[in-house]
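# Residue-level structural notes
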Amino acid sequence: QLQLVESGGGLVQAGASLRLSCAASGRPLENIAMGWFRQAPGKEREFVAAISWSGDIINYRDTVKGRFTISRDNAKNTVYLQMNSLKPEDTAVYYCAADPWGTAQTMDFVYEYWGQGTQVTVSS
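Residues numbered from 1 in each chain as written. Predicted model: local features only at pLDDT ≥ 70, side-chain atom pairs only at ≥ 80, totals over all residues. Heavy atoms only, no water.

Okay, unusual backbone geometry next. Within the chain, Asn31 stands out as a residue other than glycine whose phi angle is a positive 65°. When you line up the elements, Asn31 lands in the loop between β3 (18–25) and β4 (33–39). For Asn31, a relative accessible area of 49% puts it in the partly exposed group. A positive phi angle, close to 65°, is found at Ala104, a residue other than glycine. Inspection of the secondary structure puts Ala104 in the loop between β9 (92–99) and β10 (113–114). According to the relative accessible area criterion, Ala104 is buried, its value standing at 1%. (Helix = DSSP H or I, 4+ residues; strand = E, 2+ residues; numbered from the N terminus. Buried < 20%, exposed > 50% of the residue type's maximum accessible area, 1.4 Å probe, protein only.)

Right, let's get into the sheet that holds strand β1 (residues 3–7). Strand order in the open sheet formed by four strands is β1-β3-β8-β7, and the pairing between neighbours is antiparallel. Only two strands of the sheet have a single partner each, and these edge strands are β1 and β7 (68–73). Each neighbouring strand pair of the sheet contributes to a mean axis angle of 15°, computed without reference to strand direction. Strand direction decides the pairing type here: β7 and strand β8 (residues 78–83), joined by six bridges, are antiparallel. Among the inter-strand pairings, Ser71 is bridged to a residue of β8, identified as Tyr80. (Pairing = 2+ DSSP bridges. Axes fitted to C-alpha atoms, helices over the stretch in contact; angles between N-to-C directions.)

Rendered as structure tokens:
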């Protein structure tokens, strides 16, 4: 069983940066694709970014391209989301997810394991 724990969220002003981390335990992340999703109040959960096991396939939501960077350190069993130039519309709970079968998919239903989420709030 794979457990995921997110950290790094917080309250920042527009234009600031944050780096989210997702620490995995229970099994190695070998051959597991990882993704970040977010859910704002009153809205559906949406895809943010995803990365394949080897890092050779990366997908981003259009609205975060050029501002967010997903990366992973398989030796540390950790995935990161560097978020720059944050905007108020980025405010949401951010979730880390693991897909043992895919390659950086954008659909949330393929991800089998989920963290509890970390709150990101961007003030204007």
